[in-house]
Amino acid sequence: MNCCRRIACRDFASGLVAFSRVKPLTHSRSRSHAAAAKPATGSDTGEKPRLRAIDLARKVQQEKSKPQAEELPLSGQQKRVMELKRFSLQLQHVHPNVLAKHLHRGVLYQDKDVVVINKPYGVPVRDDSGGTSIASVLPVLSKMMDGMKVKSETQLFPCLKLEKEITGVFMLARSEKIVEHILNLNRNNQVERKYWVITVGVPVPSEGVIDIPIIEREVTGSRPHYKMALSPLFRMNDAGDGMTKVRAHRQAQPAMTKYRVLDSSSGCSLVELQPFTGGKHQMRVHMALALTCPVLGDHKYSDWNKLAPQKLPERVLDKLGLEQRKIRYLPLHVLARQMTLLGTNRADISVSCPIPKYFMQTLNRLHLTFPDEKDSK
């Protein structure tokens, strides 16, 4: 009997031990199930809640449904300048084939020797850094003009020069021999180029010839830089009643520009320029420093002492519908309007380009008209 009791006690004790071992496991499982059933808030464990796809979709939808902050409407001039800026940047960063197609659509004249294109604003003729330029897409343009033939031996070469910020007539030659011929014509004043510029101010007298050499000089100050400047051969004498000849600087470049005011209004003018020499920034320097009528959008030469956006009179800003703080987006208003080749074997070649949209809109805002419109009235 006692033996049976001892066996029963042992069995009962073993059961207690087994129960004690199983109970904590069961309790842990029940706690884990409870935790899984409970939504994860992260408040107890300190862990970040897991973001479900449905929650992310709802968050994105809520962001889209939020009312957008109202932007101030842009004026017509601001829209025009921003569109031009975007257009210029697009042309400089697109694939060469896209720029070549744009130039192909803008061909103004072609024959067996030369091709005249309408150069877009903001695209350089050459870019030594390897960026997109007119010269870099000429092989593609040449192939397009040759009907995309597989075996195309024609080539195109730039003739003369045209600044990056100038738009309009630009000549290409079909061979290096033609390039030399055009350069010889230009040296003998047989290439007549006429430009239209919009100036701030009215030149006095209304027409004439500016014959003042130019030279590159350093502008000192907080931001030292270099600009082209006038290097006159004459100056006022000490008595103030005559002119004294000055010794010419060795590095000065001859510069001669013929000008004629076509129309003036609102304190601005439409001026036709015809350069007889090809000095760097010659027309801009002559207008800003010789006639004190800088070209509209010329942020380099409007103020000699500093590099800053052009400062415009209030009435001009009102006409343009532009605030002074936005004036840095105003483009340079120089248009290569016409080119004529004189003394060629055939009849003279004369090519004009259409007036670009941004230039025409500025003319309309300033109430400036050009000769063809005046004659038709």
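Above this note sits the structure.
Source: prediction; values computed, not measured.

Here we look at the overall build of the protein
Thinking step 1. Broken down by element type, the protein carries 10 helices and 14 strands.
Thinking step 2. With 377 residues in all, the protein has 37% of them scored as buried.
Thinking step 3. Sequence separation of at least 24 residues holds for 63% of the intrachain contacts in the protein that already meet a minimum separation of 6.
Thinking step 4. Carbon together with sulfur atoms contributes 53% to the accessible area of the protein, which is approximately 23,500 Å² in total.

Quick word on the packing of aromatic side chains
Thinking step 1. A complete count under the given rule lists three aromatic pairs for this structure.
Thinking step 2. Look at Y358 and F359: their rings are 6.2 Å apart centre to centre, the planes differ by 80°, and that puts the pair in the edge-to-face class.
Thinking step 3. Given the relative accessible area of 0%, F359 is considered buried.
Thinking step 4. An aromatic cluster is defined as three or more aromatic residues linked by ring pairs; in this entry it consists of Y121, Y358 and F359.
Thinking step 5. Over the ring of Y301 we find K300; its NZ or CZ atom is 5.9 Å from the centre of that ring.

Regarding the nonpolar core
Thinking step 1. Membership of the largest hydrophobic core comes to 42 residues, with the highest contact counts inside it found for I182, L270, L312 and F359.
Thinking step 2. With residues up to four places along the chain from it excluded, the contact list for F359 reads W196, V197, I198, L270, H333, V334 and L335.
Thinking step 3. In terms of nonpolar packing, the next biggest core, distinct from the first, is built from 33 residues, L99, V115, L141 and L332 among them.

Structural notes on the state of the cysteines
Thinking step 1. Applying the stated criterion to the full structure yields zero disulfides.
Thinking step 2. The thiol sulfur of C293 is not disulfide-bonded, and the nearest other cysteine sulfur, from C268, lies at 9.6 Å.

Quick notes on empty space enclosed by the protein
Thinking step 1. The final tally for this structure, using the stated rule, is one cavity of 30 Å³ or more.
Thinking step 2. Each pocket or cavity is described by its volume, and for the largest cavity that value is around 70 Å³.
Thinking step 3. Of all elements in the fold, only β4 (167-173), β5 (191-200) and β13 (334-341) reach the threshold of two or more residues within the lining of the largest cavity.
Thinking step 4. Counting residues per element, the lining of the largest cavity draws most heavily on β13, at four residues.
Thinking step 5. In the lining of the largest cavity, the residues fall into eight nonpolar, one polar and four charged.

Quick notes on the layout of surface pockets
Thinking step 1. In this model, the largest pocket occupies a volume close to 920 Å³.
Thinking step 2. Surrounding the largest pocket, 30 residues form its lining, K161, L162, R193, G278 and G279 being those nearest its centre.
Thinking step 3. For the lining of the largest pocket, the secondary structure elements donating two or more residues are α6 (176-187), β5, β12 (268-275) and α7 (282-290).
Thinking step 4. When residues in the lining of the largest pocket are grouped by element, the largest group, four residues, is from β5.
Thinking step 5. When its residues are assigned to classes, the lining of the largest pocket shows 13 nonpolar, eight polar and nine charged.

Side note on the pattern of salt bridges
Thinking step 1. Scanning all chains against the criterion turns up six salt bridges.
Thinking step 2. The closest approach of N and O atoms between E163 and R284, which form a salt bridge, is 2.9 Å. Taken together, the residues span a long stretch of sequence, with E163 in the loop between β3 (157-158) and β4 and R284 in helix α7 at a distance of 121 residues.
Thinking step 3. A relative accessible area of 8% places R284 in the buried class.
Thinking step 4. In this structure, the salt-bridge partner of D298 is R284, at a minimum N-O distance of 2.8 Å. One end of the pair, D298, is in the loop between α7 and α8 (314-320); the other, R284, is in helix α7, with 14 residues separating them in the sequence. The two residues D298 and R284 agree in class, both being buried.
Thinking step 5. Salt bridges linked by common partners bring E163, R284 and D298 together as one network.

Re the pairing of β4
Strand residues, when the strand is regular, have side chains that alternate between the two faces of the sheet.
Thinking step 1. Along β4, seven of the seven residues are buried, which leaves the element largely enclosed by surrounding structure.
Thinking step 2. Bridge count between strand β2 (residues 114-119) and β4: six bridges; the pairing is antiparallel. Each residue of the ladder has a partner; that of V115, found in β4, is L172.
Thinking step 3. Summarising the sheet, β3 and β4 pair through two bridges and their orientation is antiparallel. Across the sheet, P158 pairs through a bridge with L172, a residue of β4.
Thinking step 4. Where β4 meets β13, two bridges bridge the pair, whose relative direction is parallel. Note on β13: the bridge partner recorded for T167 is L335.

Some words on the environment of D127
Thinking step 1. Note that D127 resides in the loop between β2 and α5 (138-145).
Thinking step 2. For the pair D127 and K164, spaced 37 residues apart in sequence, the C-alpha to C-alpha distance is 9.9 Å.
Thinking step 3. Filtering out sequence-adjacent residues up to four positions away, D127 remains in contact with T132 and S133.

What counts and what doesn't
Residues numbered from 1 in each chain as written. Predicted model: local features only at pLDDT ≥ 70, side-chain atom pairs only at ≥ 80, totals over all residues. Heavy atoms only, no water. Helix = DSSP H or I, 4+ residues; strand = E, 2+ residues; numbered from the N terminus. Buried < 20%, exposed > 50% of the residue type's maximum accessible area, 1.4 Å probe, protein only. Contact = heavy atoms within 4.5 Å. Areas by Shrake-Rupley, 256 points an atom, 1.4 Å probe, with all protein chains shown as cover. Phe/Tyr/Trp six-rings, centres within 6.5 Å; stacked < 30°, edge-to-face > 60°. Lys NZ or Arg CZ within 6 Å of the ring centre and 35° of its normal. Core = buried A, V, L, I, M, F, W, Y, C linked by side-chain atoms within 4.5 Å. Disulfide = S-S within 2.5 Å. 1 Å grid on protein atoms, 1.4 Å probe; cavity = no way out; pocket = protein on both sides within 12 Å on 5 of 7 lines; lining within 4 Å. Points joined across faces, edges and corners; volume = space filled by probe spheres on them. Nonpolar A, V, L, I, M, F, W, Y, C, P; charged D, E, K, R; others polar. Salt bridge = Lys/Arg side-chain N within 4 Å of Asp/Glu carboxyl O. Pairing = 2+ DSSP bridges.

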